[in-house]
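So you can see what is in the structure, the chains are spelled out below.
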Amino acid sequence: MIIVFVCTLPYPSYTARECPAKGSLAVPCTQASGKGFEPVEFSAPARVNLIGEHTDYTGGLVLPMAIPFRSIATIQPSDAGIYELSSENFPSTRTLQSTQGLVPVHEWSDYPVGVLRELLSLGVKPPPFRLHLRGNVPLGAGLSSSASIEVATALAILALADASLSPQAIALLCRRAENNFVGSPCGIMDQFVITAAQANHALLLNTRDLSCELLPMDQDRLAGTRIVIANSTVKHSIAGGEYGLRRREVEIGQSALRARFPELRDLGEATLEQLAVCQSKISPEAFRRCRHIISENGRVRAAREAMLVGDPIELGRLMTQSHISQRDDFECSVKEIDFLVEQALSLPGCFGARLTGGGFGGCTVNLVAVEDAERFAFTLKDAYRRRFLLEAPVYICEAVDGAVRQNASTRPDRR
Ligand code: ADP
Ligand code: MG
């Protein structure tokens, strides 16, 4: 099956926009602990990263956009005086008698419980509640279902506690929950874009100082393109260990660079020339990992320029270069993903293709001419099925808004 999301909103002309990540996002509930409280729903999108991979934990640049898959958190006070967490996507329900001494139990509920713990540490005091999650974000596909449920959960608990935080503060606390409670060493990109994204825009984020800029997806000739995501549906078991190893290699390279050039705060500020000076001090692997990150930051800057002038040829070229760098220097691609990228690049209308997300499986992101997008999706799926006997869901995506409060009448699944 091909899932097609059609972009309907034309965008008249380009204006660079400041990212509104510092305003207040959570909408307080007025009857938080009173009787007759209507369950409140918060919905958070998934995201795809157009370019800027493995740059977000070394102070670099990323360029993601929110996509029209959603996680929805419904919250209501619990009469029983306990905290109850459930999900339509998992059979187990987690019950907490109190919010003291929360520990991970290594299953899905660690994500919302980690968010609850971070909110408590900020002084947010929700009354006992029932939180229910549901959604259609593919799990573990590199489209960030985890950050999506974290952000939806944070908004729901804040609303119940009659509290609000800036989108940036929400993104940061969700990241801390994932790093410290779930134990996944992710960067800030996912949580940030899921809170701050705006429809029809990608979001350029500087992960060192969290400054950001909204870039229109439909400037000039880019208006004639679509973002197409192909889900390989594979996740290699080496992913966890290899990811940790890459992080250590990057850290070694970054330390060597800082020792030689003390003015550098992180790899996000380093140049390829500086890396070359340090080459003899680090392993060939650490050198290649850092070369990927430094060159990737350069490609994100160039991608911004391409988006500003609406040049799909240049943007696509940069995306493909990014893939080659991930494959050869960062070594985080796999044969299924390389196949999807090679096939994509051979098809009419494809400007560029690359692995998106942490790697070792997951999805590819492709920039495709709008008139070719459906045929592209069909042909790519067909080639993948014949080569690997696997179905690759392909999604033609528009860029959507970040997390929002919604009520029954605006629920996408009730339209
Ligand atoms: P990704 O973020 O790329 O989808 P992760 O491994 O980081 O992959 O996160 C996936 C995990 O997030 C799931 O295995 C589950 O524990 C949790 N999760 C995501 N969506 C939901 C949901 N709707 N309900 C419960 N848990 C969810
Ligand atoms: Mg995740």
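Quick notes on the rules
- Residues numbered from 1 in each chain as written.
- Chains lettered and ligands numbered in written order.
- Predicted model: local features only at pLDDT ≥ 70, side-chain atom pairs only at ≥ 80, totals over all residues.
- Helix = DSSP H or I, 4+ residues; strand = E, 2+ residues; numbered from the N terminus.
- Buried ≥ 20, exposed ≤ 12 C-beta atoms within 10 Å, placed from the backbone.
- Contact = placed C-beta atoms within 7 Å.
- Axes fitted to C-alpha atoms, helices over the stretch in contact; angles between N-to-C directions.
- Parallel < 35°, antiparallel > 145°, perpendicular 65-115°, else oblique.
- Left-handed = near helix turned anticlockwise from the far one by under 90°.
- Nonpolar A, V, L, I, M, F, W, Y, C, P; charged D, E, K, R; others polar.
- Near = placed C-beta within 6 Å.
- pLDDT = per-residue confidence, 0-100.
- Pairing = 2+ DSSP bridges.
- Expected span 1.5 Å × (residues − 1).

Chemist: I'm lost on the overall build of the protein chain in this one. Help?
Modeler: Scanning the protein chain from terminus to terminus reveals 10 helices and 14 strands. When burial is assessed residue by residue, the protein chain has 50% of its 415 residues classed as buried. Partitioning the contacts of the protein chain with sequence separation of at least 6, the portion at a separation of at least 24 is 74%.

Chemist: What is the right way to look at the packing of helix α1 (residues 110-121) against helix α2 (residues 145-160) in this model?
Modeler: For any two helices packed against each other, the geometry comes down to the angle between their axes and how far apart the axes lie. In contact at an axis separation of 9 Å, α1 and α2 are set at 45° when each is read in the N-to-C sense. Relative to α2, the element α1 is oriented oblique. Crossing angle aside, the handedness with which α1 passes α2 is right-handed. Of the residues in α2, those touching α1 at Tyr111, Pro112, Val115, Leu116 and Leu119 are Ser146, Ile149, Glu150, Thr153, Ala154, Ile157 and Leu158. Residue composition of the contact of α1 with α2, grouped by class: nine nonpolar, two polar and one charged.

Chemist: Hey, could you run me through the site of ligand 1 in this one?
Modeler: Around ligand 1 sit 18 residues in total, of which Ser87, Trp108, Gly140, Ser145 and Ser146 are the nearest. Only β7 (129-135) and α2 provide two or more residues apiece to the shell around ligand 1. Per-element accounting of the shell around ligand 1 gives the leading share, three residues, to α2. Its residues assigned to classes, the shell around ligand 1 comprises nine nonpolar, nine polar and no charged.

Chemist: Explanation requested: the environment of glycine 298 in the structure shown.
Modeler: As for its placement among the helices and strands, glycine 298 is situated in helix α7 (residues 284-308). Overall, glycine 298 belongs to the partly exposed group, with 14 C-beta atoms counted inside 10 Å. Separated by 30 residues in sequence, glycine 298 and glycine 268 have C-alpha atoms that sit 9.7 Å apart.

Chemist: Before we go on, may I ask you to explain unusual backbone geometry in this structure?
Modeler: Keep in mind that most residues, glycine aside, have a negative phi and that most peptide bonds are trans. Of note in the backbone geometry, aspartate 220 takes a positive phi value of approximately 50° without being a glycine. Mapped onto the secondary structure, aspartate 220 falls in the loop between β9 (212-216) and β10 (225-235). Phi is positive for leucine 389, close to 55°, though the residue is something other than glycine. Looking at where leucine 389 falls in the secondary structure, it is placed in the loop between α10 (373-388) and β13 (394-397). With 7 C-beta atoms counted inside 10 Å, the residue leucine 389 sits in the exposed group.

Chemist: Got a minute to help me understand the confidence of the model for the protein chain in this structure?
Modeler: Keep in mind that low pLDDT regions are not for reading the predicted coordinates in detail. Looking at the protein chain, pLDDT values average 90 and 89% of them are 70 or higher. Ignoring residues within four places in sequence, the model shows residues 1-19, a span with pLDDT below 50, making 28 contacts including any to other chains. This model gives residues 408-415 a pLDDT under 50, and the stretch forms four contacts once residues within four places in sequence are excluded.

Chemist: Just checking my understanding: could you explain the environment of isoleucine 72 for this structure?
Modeler: Take isoleucine 72: it is sitting in strand β4 (residues 61-77). Sequence spacing of isoleucine 72 and alanine 44 is 28 residues, and the spatial spacing of their C-alpha atoms is 6.5 Å.

Chemist: What is the right way to read the pairing of β4 from this model?
Modeler: Strand residues, when the strand is regular, have side chains that alternate between the two faces of the sheet. Counting buried residues along β4, 14 of its 17 residues qualify, which places the element largely inside the surrounding structure. Two elements, strand β3 (residues 40-51) and β4, share 11 bridges in a ladder whose sense is antiparallel. Paired with serine 43 across the bridge in β4 is isoleucine 72. Across two bridges, β4 lies against strand β8 (residues 201-206) in antiparallel orientation. Counterpart to leucine 61 in the pairing with β8 is asparagine 206. Alignment of β4 against β7, held across seven bridges, turns out to be antiparallel. Within β7, the position partnered with serine 71 by the bridge is glycine 135.

Chemist: Just checking my understanding: could you explain the packing of α1 against helix α3 (residues 167-182) for this structure?
Modeler: In contact at an axis separation of 8 Å, α1 and α3 are set at 115° when each is read in the N-to-C sense. For the crossing formed where α1 meets α3, the hand is right-handed. Along its contact with α1, which presents Asp110, Tyr111, Val113, Gly114, Val115, Arg117, Glu118 and Leu119, the element α3 presents Leu173, Cys174, Arg176, Ala177, Glu178, Phe181 and Val182. Considering only residue class, the contact of α1 with α3 consists of nine nonpolar, one polar and five charged.

Chemist: Looking at this model, I keep getting lost on α7. Mind explaining?
Modeler: Since there are 3.6 residues in each turn of an α-helix, residues three or four apart along the chain are aligned in direction. Between its first and last C-alpha, α7 extends 36 Å over 25 residues, near the 36 Å set by a 1.5 Å rise per residue. One or two residues past the end of α7 sits glycine 310, with phi positive at roughly 65°.

Chemist: When you look at the pairing of β8 in this model, what are you seeing that I'm missing?
Modeler: Judged by how many residues are buried, β8 sits mostly within the fold: five of six residues are covered. Across five bridges, the pairing between β8 and β9 is antiparallel. Bridged to leucine 204 within β9 is glutamate 213.

Chemist: Even after reading the chapter, I still don't get the environment of glycine 316, so can you show me in this structure?
Modeler: As for its placement among the helices and strands, glycine 316 is situated in helix α8 (residues 312-330). In this structure glycine 316 comes out as buried when scored by C-beta crowding, with 23 C-beta atoms within 10 Å. Placed 51 residues apart in sequence, glycine 316 and leucine 367 show a C-alpha to C-alpha distance of 6.2 Å. Other than its neighbours up to four places away in sequence, glycine 316 contacts Phe351, Gly352 and Leu367.

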